[in-house]
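# Coordinate analysis (summary)
One-letter residues, chain by chain:
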There are 2 protein chains.
Amino acid sequence: MLDERKRQILDFIIQDYVDTAVPVGSRTITRKYNIGVSPATIRNEMSDLEALGYLEQPHVSAGRVPSVKAYRLYVDDLIAAGPEAFEPDEAAGACFSRCLTQQEDAAQSAAQALCERTRMTSLVMMPSQPGMRISTLQLISMPGNAALLVLVTDSGLVRDTVLHVRENLDPDALYAISRSLTEALSGRTVLEVQHMLAAYASLGGAEQRVLDGVRTLAAQLARQSSEDTVYVDGAHNILNFPEYADVQKARAFLAVMEKRRSLLDIIREDRAPVTVRIGEELALPELCDCSLITTRFGVGGYHGLLGVIGPVRMPYRQTVRTLTTISRSMTELFSS
Amino acid sequence: MLDERKRQILDFIIQDYVDTAVPVGSRTITRKYNIGVSPATIRNEMSDLEALGYLEQPHVSAGRVPSVKAYRLYVDDLIAAGPEAFEPDEAAGACFSRCLTQQEDAAQSAAQALCERTRMTSLVMMPSQPGMRISTLQLISMPGNAALLVLVTDSGLVRDTVLHVRENLDPDALYAISRSLTEALSGRTVLEVQHMLAAYASLGGAEQRVLDGVRTLAAQLARQSSEDTVYVDGAHNILNFPEYADVQKARAFLAVMEKRRSLLDIIREDRAPVTVRIGEELALPELCDCSLITTRFGVGGYHGLLGVIGPVRMPYRQTVRTLTTISRSMTELFSS
DNA sequence: GTTAGCACTCAACCGCATCGAGTGCTAACA
DNA sequence: TGTTAGCACTCGATGCGGTTGAGTGCTAAC
């Protein structure tokens, strides 16, 4: 399609524009990248590239800017080699703490590491886990006539709540109750438990408190088991980019990041190891100057997504490296 | 000091400027607030108010803007009546969920409610709790050769971590270990526990894992017990104000909100039920266009702070109402 | 196929005039 | 003595024309 030189010039333009955010002129290219031809030749090539749809001119006396089609070409080449081709990003790996024991902590740590390293906006999607089952229930005595109810699921999720009881129960009694609760409910899905307990709505007394607590936690988990959750971090980093020097645009961007709903709708179906959406491909007017890269992590039945959102003019190669590195760490974490 | 009419004019100017963010001219006042004198008279009064330091002129042909001294006068009057004088802000109360069982959740919910209602930036400070003691330790069996270690302190804080053990321990055995752990460590401060366990650094095996887990949790709590923690929410709301239409300024603001350190240094010592800091009184150049209102909550030995940060031109009365309302809810929550 | 030369375009910048909101001052009035 | 109408003045905001300079497309020569 494109001959060698055109391709090289296009790559130079992408590279330069990603670095500087300034439209690239023919002289800039001859000066920065010694390519052995004069600006006039470059101009001819650039004119061809524009005719082919790879370049755009903001106005006639400005340099050229890569089009979405150009980024697409560049990115397709980049990821064609497969995620294995990316050498790990040590610095990103170092940001990510490996001694995390719970899903939520891991998701947040991954989001943090991603935006620490990329200086863009990161997102982590933990997929819904339908059919989540209860593994253990345990009551723990607390100071001040209270007890902590802890619920553990088969997938390793933990939720707790404080119950206020009238009399101070001794640990052995709490343990006995815990055992019978676990026996009664272990292996059931959180939805089943919710329905089962709806029947005991008016026992009264301490028993009622305990069952209400179980139901509350089951309800929380039921929501989690049916809804994908997204963590977003570093949304304010968008202010660092000249593309969002306009406060109105920045606000619109932040609003989208906050709602999360539309973000979820976009990424939910991603199945490829690496997916890149560029500019209008995102199909959200607020994000038309943005690109979104997502990678999958997880093993077996459990798959989540990591993503980075930044300006269309982003360092794709480096960002994919960072993402795949953190993805691998997450996969390791979840497979142990 | 100020005669009745001067005072009224000053209040009008503050009110109008808070609403519109536009310097207030003499004709605006006669038009909007029927005060029964001509613009010329207002001008004379405004000239006096400027000489007294209550008004400022951005430039000679603009209207007047209230000075920090004017806001100070206004605010001092406002809070002189004491926090009881503020009728509760029902709408704010409705944003705040009362069925929260843990400190962290409550703090976050309060921060959310505050910025939901004020559309500004909210902060919640939970003070350090030196001498925090361990109340209960409990191991709970988890699927996949793991155990959850839960630590409860005398102040009701809960921390947990997942331990990976080689063999799958049965619940009774875990309970027995929990009881002896609790017996050994209950009543000790988290610092003591940290030091005690440093001695057992190389037992090896499952025992080691458990002790390491306890030490990790104790270390987390030790940090929390010695450091005040601040929750910040809605920092991006600053973009809604024309004062921060400049992206550079907005970024500087967000950076301060992120670091938290300097925020903490400012509010840490607040003891009054309501404290208001206006503009330069905050002594941070990044916040020179901001005001900060804090209120105390809590009972007995436990006192935290709620705060709202917004432009100097903020609706002080309404904001104090919202803050005192949420403060009261928090106090109720903590006294139960 | 490449390149030097040249006319052309257009955003950015600057200076200048205009406009209008708002002021301070003065003199007249109640 | 306090209030007000009138008026000159100030100065930011807006708009306009000219200049500059980066960058282009085209043409002709190599």
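Residues numbered from 1 in each chain as written. Chains lettered and ligands numbered in written order. Predicted model: local features only at pLDDT ≥ 70, side-chain atom pairs only at ≥ 80, totals over all residues.

## Quick notes on the pairing of strand E10 (residues 304-311) of chain A
All names here are of chain A. Burial runs high along E10: seven of the eight residues are buried. The pairing of strand E3 (residues 121-126) with E10 spans five bridges and is antiparallel. Residue leucine 123 lies in a different strand from E10, and its bridge partner there is glycine 307. Both strand E9 (residues 290-297) and E10 contribute to a ladder of eight bridges, which runs antiparallel. Within E10, the residue paired with threonine 294 across the bridge is glycine 307. (Buried ≥ 20, exposed ≤ 12 C-beta atoms within 10 Å, placed from the backbone. Helix = DSSP H or I, 4+ residues; strand = E, 2+ residues; numbered from the N terminus. Pairing = 2+ DSSP bridges.)

## Regarding the relation of the copies chain A and chain B
Overlaying chain A with chain B gives an RMSD of 0.1 Å, the required rotation being 180° about an axis along which the chain moves by 0.0 Å. Within this description, the copies of the chain are treated as partners about a two-fold rotation axis. Distance from the rotation axis, computed per C-alpha, reaches its smallest value in chain A at valine 247 of chain A: 3.2 Å. When the interface residues of chain A are mapped onto chain B, 100% of them are again interface residues, pointing to one common binding face. (Least-squares fit on C-alpha atoms with pLDDT ≥ 70 in both. Contact = placed C-beta atoms within 7 Å.)

## Notes on the sheet that holds strand E6 (residues 158-164) of chain A
Residues and elements named next belong to chain A. Here we have three strands laid out as an open sheet, ordered E4-E5-E6, and antiparallel in their pairing. Only two strands of the sheet have a single neighbouring strand rather than two, namely strand E4 (134-142) and E6. On average, each strand axis in the sheet is tilted by 20° relative to the strand beside it, whichever way the strands run. Running at roughly 165° to E4, helix H7 (residues 171-185) makes contact with E4 and strand E5 (146-153) of the sheet. (Axes fitted to C-alpha atoms, helices over the stretch in contact; angles between N-to-C directions.)

## Focus on the protein's contact with DNA strand D
For DNA strand D, the set of nearby residues contains 20 residues, the closest of which are Gly25, Ser26 and Ser61 of chain A together with Val37 and Ser61 of chain B. Of all the secondary structure elements, the ones that give two or more residues to the surface near DNA strand D are helix H2 (26-32) and helix H3 (39-51) of chain A together with helix H3 (39-51) of chain B. Looking at the surface near DNA strand D element by element, the count peaks at four residues for H3 of chain A. Each residue belonging to the surface near DNA strand D can be placed in one class, and the counts come to six nonpolar, eleven polar and three charged. (Near = placed C-beta within 6 Å. Nonpolar A, V, L, I, M, F, W, Y, C, P; charged D, E, K, R; others polar.)

## A short note on the domain arrangement of chain A
Taken domain by domain, chain A comprises domain 1 (4-66), domain 2 (85-127 + 228-335) and domain 3 (134-226). Just the C-alpha atoms count here: the centres of domain 1 of chain A and domain 3 of chain A sit 65 Å apart. (Domains from an automatic or database assignment.)

## Structural notes on the protein's contact with DNA strand C
Around DNA strand C, a shell composed of 21 residues is seen, among which Val37 and Ser61 of chain A together with Gly25, Ser26 and Ser61 of chain B lie nearest. Within the residue set of the surface near DNA strand C, elements represented by two or more residues are H3 of chain A together with helix H2 (26-32) and H3 of chain B. The dominant element in the surface near DNA strand C, judged by the number of residues it contributes, is H3 of chain B, at five residues. Its residues placed into classes, the surface near DNA strand C shows six nonpolar, eleven polar and four charged.

## Digging into H3 of chain B
All names here are of chain B. With 13 residues, H3 extends 18 Å from end C-alpha to end C-alpha; this agrees with the ideal 18 Å at 1.5 Å per step. Those residues of H3 lying buried are Ile42, Glu45, Met46 and Leu49. Within H3, the buried residues cover an arc of 100° as seen down the axis, which keeps them to one side. Opposite its buried face, H3 presents the exposed residues Ala40 and Ala51, each directed more than 90 degrees away. Contacts made by the buried residues of H3 are with helix H1 (4-20), H2 and strand E1 (55-56). Taken from the residues just after H3, glycine 53 is the one with a positive phi, measuring 90°. (Expected span 1.5 Å × (residues − 1). Arc of directions from axis to C-beta.)

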